[in-house]
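Residues per chain are reported as follows:
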Amino acid sequence: MKRMELSKRALKMEPSVTLAASAKAKTLKAEGKDVLSLTVGEPDFATPKNIQEAAKKAIEFGETSYYTPTAGIPALRQAVVDYMQDNYDLTYKVSETIITNGAKFALYLLFQVLLDEEDEVIIPTPYWVSYSEQVKLADGVPVFVEALEDNDYKVTVSQLEQVKSAKTKAILLNSPSNPTGMIYTKEELQAIGEWAVANQLVIVADDIYGHFIYGDAEFTPIATLSDAIRAQTIIINGVSKTYSMTGWRIGFAIGDQKIIRAMTDLASQASSNPTAVSQYAAIEALSGSQESVEVMRQAFEERMEKTYQWLSEVPGITVRKPQGAFYLFPNVRETMTICGYEDVNDFVEALLVEANVAVVTGKGFGAPDNIRLSYAADLATLEEAVKRIKHFVEKKQQK
Ligand SMILES: *Cc1c(COP(=O)(O)O)cnc(C)c1O
């Protein structure tokens, strides 16, 4: 027996490219390099004061020395139920909710309890980096369907029909999308939802950016579109993005009671409850004042508008104007050609080393012509970063 060999499961797994890119930028910064990082998907605001206070109180009241129920403290699960009712007019029972260590772990649990070997999950590309790896870790098969730039990076029912098979178990939807910032309209979601119902597929709806919407775009949770769609939808959401709480690690899943119970049983063996203090903070986030959310949304919208303009002036770049989330996802194929790069990973590496700007390669999102820039950074940083990218490209162009 080769004791130190890694399992097949470990060997087929790839680390998160976004976390790796941000770690690399941080290392260079720590070495004293003047690196501007637009890598990471975390709001750059402090967690709102009222939420901080709720956490402090929980510590003072001693709410930390015991395990909470695995699925979360009842008051937080109730807060999730109320939140869905108040925001989206969706009625759920507490037993249809689970609180998890971030939305990422909710997705992980879901795929683990949903998929058997070779079950397929349809994932529109470009996609958030963890979906495909989590499906693979559950012995499932990610089936990619390319959302075309010309269709605003959204897939159509006829495309889905083409990749459907007898083994298709679920379809993943993330609107607003990380990395593209695009939002499906109500009509588009209705069509996809009805198709999923007709084919008895589980709809995994990652709604985590539902509060960061710009211009006249509208966010529709797919579960609101009919009872039949809702019955087959598992909603994934959390407090990380909406309340600038990425470090607190609180997410949740909502939907079919049997699936939620299985996720809870798995969590009880894997991690037990999410951090108690964070759960108390999350109650305040969901049920306290929502003022700070709108403040952050406005700040993101202003940064998006400006950065979108600045980026449009970089030679060769084409970029769709985001409708939500906090990323820009420019197509840099022509820019790379201008600069003499074939592979987007080489381009991203050169931007980091030569221009001191860290962005994320589109490859991890299944999009080898693109890079992802997060505008969860202040305006001065964004302006300077795009300036550096532009200079970098212009210099290469002249050579
Ligand atoms: C950030 C993110 C998540 C995970 O968020 P958590 O911090 O784990 O709650 C899930 N989906 C998408 C698309 C994200 O960008």
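For the protein chain, the name recorded in an unreviewed UniProt entry is Aminotransferase, with Enterococcus italicus as its organism. Under the UniProt heading Cofactor (unreviewed entry), the note attached to the protein chain is "pyridoxal 5'-phosphate".

With that out of the way, let us pick up the packing of helix 12 (residues 291-312) against helix 15 (residues 379-398). Axis separation between helix 12 and helix 15 bottoms out at 10 Å; the angle between their running directions is 15 degrees. On the basis of their axis angle, the class for helix 12 and helix 15 is roughly parallel. The two elements helix 12 and helix 15 cross, and the hand of that crossing is right-handed. Of the residues in helix 15, those in contact with Glu302, Arg303, Lys306, Thr307, Trp310 and Leu311 of helix 12 are Leu379, Leu382, Glu383 and Val386. Looking at the contact of helix 12 with helix 15, its residues break down into five nonpolar, one polar and four charged.

Let's shift gears to the nonpolar core. With 97 residues, the main nonpolar core has Phe111, Ile171, Val204, Ile236, Phe347 and Phe392 as its most contacted residues. Looking at this core, the element that brings in the most residues is helix 5 (residues 102-114), giving eight residues. When residues of this core are assigned to domains, at least three fall in each of domain 1 (2-46 + 292-398) and domain 2 (49-287). Excluding its chain neighbours within four sequence positions, the residues that come into contact with Val204 are Leu107, Leu110, Phe111, Ala170, Ile171, Leu172, Leu173, Ile234 and Ile236. Formed by 31 residues, the second largest nonpolar core is a distinct cluster that contains Ile51, Met84, Tyr243 and Ile250.

Turning to helix 6 (residues 129-137), a few remarks are in order. The buried count for helix 6 comes to eight of nine residues, which makes it a mostly enclosed element. Every buried residue belonging to helix 6 is among Val129, Ser130, Tyr131, Ser132, Glu133, Gln134, Val135 and Leu137, and all of these are buried. The first or second residue beyond helix 6 is Asp139, which carries a positive phi of 65 degrees.

Let us look at the UniProt feature "domain: Aminotransferase class I/classII large" (unreviewed entry) in the protein chain. Here the UniProt feature "domain: Aminotransferase class I/classII large" (unreviewed entry) sits at residues 33-389. Regarding residues 33-389, the helix share stands at 43% and the strand share at 14%, and the terminal C-alpha atoms are separated by 16 Å.

Here we take up the packing of helix 3 (residues 49-60) against helix 11 (residues 276-287). Two measures define how a pair of helices packs: the angle their axes make with one another and the distance between the axes. Axis separation between helix 3 and helix 11 bottoms out at 8 Å; the angle between their running directions is 140 degrees. Judged by the inter-axis angle, helix 3 sits oblique to helix 11. Helix-helix and strand crossings are classified by hand; for helix 3 and helix 11 the assignment is right-handed. On helix 11, the residues touching Asn50, Ile51, Ala54, Ala55, Ala58 and Ile59 of helix 3 are Val277, Tyr280, Ala281, Glu284 and Ala285. Partitioned by chemical class, the residues of the contact of helix 3 with helix 11 number nine nonpolar, one polar and one charged.

Looking now at the pattern of salt bridges. With the rule as written, the count across this model stands at 21 salt bridges. Arg333 serves as the salt-bridge partner of Asp369, at 2.6 Å between the closest nitrogen and oxygen. With Asp369 in the loop between strand 11 (360-361) and strand 12 (371-374) and Arg333 in helix 13 (residues 333-339), this residue pair connects regions lying 36 residues apart in the sequence. Judged by its relative accessible area of 27%, Asp369 falls in the partly exposed class.

Within the structure, the ligand sits among 13 residues, and Ala103, Asp206, Tyr209, Ser240 and Lys241 are positioned closest to it. Asn178 places a polar side-chain atom, nitrogen or oxygen, 2.8 Å from an oxygen atom of the ligand. In this structure, Asp206 approaches the ligand through a side-chain N or O atom, which is 2.6 Å from a nitrogen atom. Within the complex, 94% of the 380 Å² of free accessible area of the ligand lies under protein. The biggest single contributor to the shell around the ligand is helix 5, with three residues. Its residues placed into classes, the shell around the ligand shows five nonpolar, four polar and four charged.

Right, let's talk about the sheet that holds strand 7 (residues 233-238) for a bit. On the basis of which strands lie adjacent, the open sheet formed by seven strands has the order 2-8-7-6-5-3-4 and mixed pairing. In the strand order of this sheet, the two ends are held by strand 2 (97-100) and strand 4 (141-146), each with one partner. Taken pair by pair, the neighbouring strands of this sheet meet at an average axis angle of 20 degrees, ignoring direction. Against the sheet, helix 6 contacts strand 3 (120-125), strand 4, strand 5 (168-173) and strand 6 (202-206), and its axis sits at roughly 150 degrees relative to strand 4.

What counts, and at which threshold
- Residues numbered from 1 in each chain as written.
- Predicted model: local features only at pLDDT ≥ 70, side-chain atom pairs only at ≥ 80, totals over all residues.
- Heavy atoms only, no water.
- UniProt positions renumbered as here; feature names shortened; annotations may be inferred.
- Axes fitted to C-alpha atoms, helices over the stretch in contact; angles between N-to-C directions.
- Helix = DSSP H or I, 4+ residues; strand = E, 2+ residues; numbered from the N terminus.
- Parallel < 35°, antiparallel > 145°, perpendicular 65-115°, else oblique.
- Left-handed = near helix turned anticlockwise from the far one by under 90°.
- Contact = heavy atoms within 4.5 Å.
- Nonpolar A, V, L, I, M, F, W, Y, C, P; charged D, E, K, R; others polar.
- Core = buried A, V, L, I, M, F, W, Y, C linked by side-chain atoms within 4.5 Å.
- Buried < 20%, exposed > 50% of the residue type's maximum accessible area, 1.4 Å probe, protein only.
- Domains from an automatic or database assignment.
- Salt bridge = Lys/Arg side-chain N within 4 Å of Asp/Glu carboxyl O.
- Near = heavy atom within 4 Å.
- Polar contact = N/O pair within 3.5 Å; in protein donor to acceptor, adjacent residues only side chain to side chain.
- Areas by Shrake-Rupley, 256 points an atom, 1.4 Å probe, with all protein chains shown as cover.
- Pairing = 2+ DSSP bridges.

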